[in-house]
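Here's the letter readout for the chains.
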Amino acid sequence: QVQLVESGGGLVQAGGSLRLSCAASGRTFSNYVMGWFRQAPGKEREFVAAISRGGGNTYYADSVKGRFTISRDNAKNTVYLQMNSLKPEDTADYYCAGRISASDYVRWQRPHDYPYWGQGTQVTVSS
C-alpha cells in the first residue's frame, strides 16, 4: 500500500506556471503507475496525465497536452506535474493517484483504475 501527499498548489495568473508534487510513502513506488486527476467545483473528476513505472511512457488528456508535463523521481518517491501556460479553466483540485502495475501500459484514465489517492491540492488560475 502507498500513501500519497500532494503539494505545490496555489493561485496563479493566466499564462503562469506551477509545479505540483506528490510524495509517496513505501518502498515499492517504482512498481506503481502514477496519475494526476483534477476536479473542478460541480464537475466530475477528470484525467490529466499518467506516467509508467520507470517514467519512460507518459499519457495526457488532450486538454493539457503540450502545456503540462508529468515526471517522476523514483529515488525520491515523488511524481511531479509541471503546468505551464495555465488557463482559468485549469482551476480545480488536483489529485495524484497510483496503481500497482506489472507492465509499462500507461493509459489508465478512469478514476476507478487507481486504488490509491492523495488528499488533493487546490489550483486557482485567475484571468
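Structure first, text after, so check above.
Residues numbered from 1 in each chain as written. Predicted model: local features only at pLDDT ≥ 70, side-chain atom pairs only at ≥ 80, totals over all residues. Heavy atoms only, no water.

A. Geometry of the nonpolar core. Counting residues in each nonpolar core, the largest one holds 36 residues, and the members touching the most others are Trp36, Leu81, Met83 and Tyr94. When residues of this core are traced back to their parent elements, those giving at least two are strand 3 (18-24), strand 4 (32-39), strand 5 (46-51), strand 6 (58-60), strand 7 (68-73), strand 8 (78-83), strand 9 (92-100) and strand 11 (121-126). Residues within four places of Leu81 in sequence aside, it is in contact with Leu18, Arg19, Leu20, Trp36, Val48, Ala49, Phe68, Thr69, Ile70 and Tyr94. (Core = buried A, V, L, I, M, F, W, Y, C linked by side-chain atoms within 4.5 Å. Buried < 20%, exposed > 50% of the residue type's maximum accessible area, 1.4 Å probe, protein only. Helix = DSSP H or I, 4+ residues; strand = E, 2+ residues; numbered from the N terminus. Contact = heavy atoms within 4.5 Å.)

B. Region of interest: the state of the cysteines. Inspection of every chain in the model, using the stated rule, returns one disulfide. The disulfide bridge from Cys22 ends at Cys96, spanning 1.9 Å between sulfur atoms. Across the disulfide from Cys22 to Cys96, rotation about the S-S bond amounts to roughly 45 degrees, and the bridge is consequently right-handed. Remark: Cys96 occurs in strand 9 and Cys22 occurs in strand 3; sequence separation between them is 74 residues. Residue class for Cys22 comes out buried when judged on its relative accessible area of 0%. (Disulfide = S-S within 2.5 Å.)

C. Inspection of the pattern of salt bridges at higher detail. Within this structure, the stated rule accounts for six salt bridges. Taking the shortest distance from any N to any O, the salt bridge between Asp62 and Lys65 comes out at 3.1 Å. Given the relative accessible area of 66%, Asp62 is considered exposed. A relative accessible area of 49% means that Lys65 is categorised as partly exposed. Among the salt bridges present, the one from Asp90 reaches Arg67, with a minimum N-O distance of 2.8 Å. Of this pair, Asp90 sits in the loop between strand 8 and strand 9 while Arg67 sits in the loop between strand 6 and strand 7, and the two are 23 residues apart along the sequence. Owing to a relative accessible area of 12%, Arg67 belongs among the buried residues under this scheme. (Salt bridge = Lys/Arg side-chain N within 4 Å of Asp/Glu carboxyl O.)

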